[in-house]
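Residue-level listing of the chains:
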Amino acid sequence: MRLTRYKGKESMLSDGTIIQRNDILVKIHLHNALLIKNVRNIKSDVRKAMVIHQSVEKSLPQLAEYVKNHSNFSEIKGVIGITMLNRGSSKLGFDSVEISSLLYKSFKYSALLPIYWLSVRSLSIHHLKKHSPCYLFMSKETLLNKYIHNK
C-alpha cells in the first residue's frame, strides 16, 4: 500500500464519489508471489477465483484501519488497484472502471498477463479479450463503512 495521485480520467463511483485527476488514493497491490503459491496447484478456475477473492476480502479490514489511522486521512479520497481479475470485485465494494489510455492499458496488460495466466486453466484469445486491465476503485467512505467493525 502506498499513497498515489490519480492520473486517469474522472470517474464517478457507485456511491456518488467522484475521483478526479490528482486526487490522493491508496494504491493496493496483491502479493503476487503469495497468490501464485496459493493458487498454483488448484485445478478449478472457480476455486482459484474464490481463493483470490477470500484473500482480498481478508485484507480489507486492515486496509480500512491503515486509511483510518493515516496522517493524511482527510486528503485520501479512496483506494485504487489495477487488475485483469475484476469479476466479483463489486461484492467487495469495488467499482470497476475501464482504463482509457491505450498506451497505459497495453503496459498494464503485459505486466498483469503472468498473474492472469496463473489464474486460469487455459489461456485463450477469447479469455484475453474478455479480461482486459481495469481500475478498481473504492471510496474511503465505502471502505470504512464496510470494513471498520468498531466504528
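Since the structure is predicted, the reported quantities are computational estimates derived from the model, not experimental observations. (Residues numbered from 1 in each chain as written. Predicted model: local features only at pLDDT ≥ 70, side-chain atom pairs only at ≥ 80, totals over all residues. Heavy atoms only, no water.)

**Remarks on the overall build of the protein chain**
Within the protein chain, the regular secondary structure consists of 6 helices and 7 strands. In the protein chain, the succession of helices and strands from N to C terminus is β-β-β-β-α-α-β-α-β-α-α-β-α. Across the protein chain, every contact between residues at least 6 apart in sequence was considered, and the portion connecting residues at least 24 apart equals 74%. Total accessible area on the protein chain is roughly 9300 Å²; 54% of this is exposed by carbon and sulfur atoms. (Helix = DSSP H or I, 4+ residues; strand = E, 2+ residues; numbered from the N terminus. Contact = heavy atoms within 4.5 Å. Areas by Shrake-Rupley, 256 points an atom, 1.4 Å probe, with all protein chains shown as cover.)

**With respect to the pairing of strand S4 (residues 24-27)**
Within a regular strand, the side chains alternate between the two sheet faces. Because side chains alternate across S4, one face comprises the buried residues Ile24 and Val26, and the other comprises Leu25 and Lys27, equally buried. Pairing geometry for strand S1 (residues 2-5) and S4, over 4 bridges, is antiparallel. Note on S4: the bridge partner recorded for Arg2 is Lys27. Examined bridge by bridge, S4 and strand S5 (residues 76-83) share 4 bridges and lie parallel to one another. (Buried < 20%, exposed > 50% of the residue type's maximum accessible area, 1.4 Å probe, protein only. Pairing = 2+ DSSP bridges.)

**Quick notes on the side chain of Lys140**
Within the secondary structure, Lys140 sits in helix H6 (residues 140-147). Despite being buried, Lys140 has no salt bridge partner; Glu141 is the closest side chain of opposite charge, sitting 4.9 Å away. In this structure the side chain of Lys140 is engaged in a polar contact, spanning 2.7 Å, whose partner is the backbone oxygen of Phe73. Beyond its immediate sequence surroundings of up to four residues, Lys140 is in contact with Val67, Phe73, Ser74, Ile76, Lys77 and Gly78. (Lys, Arg positive; Asp, Glu negative; His and termini not counted. Salt bridge = Lys/Arg side-chain N within 4 Å of Asp/Glu carboxyl O. Polar contact = N/O pair within 3.5 Å; in protein donor to acceptor, adjacent residues only side chain to side chain.)

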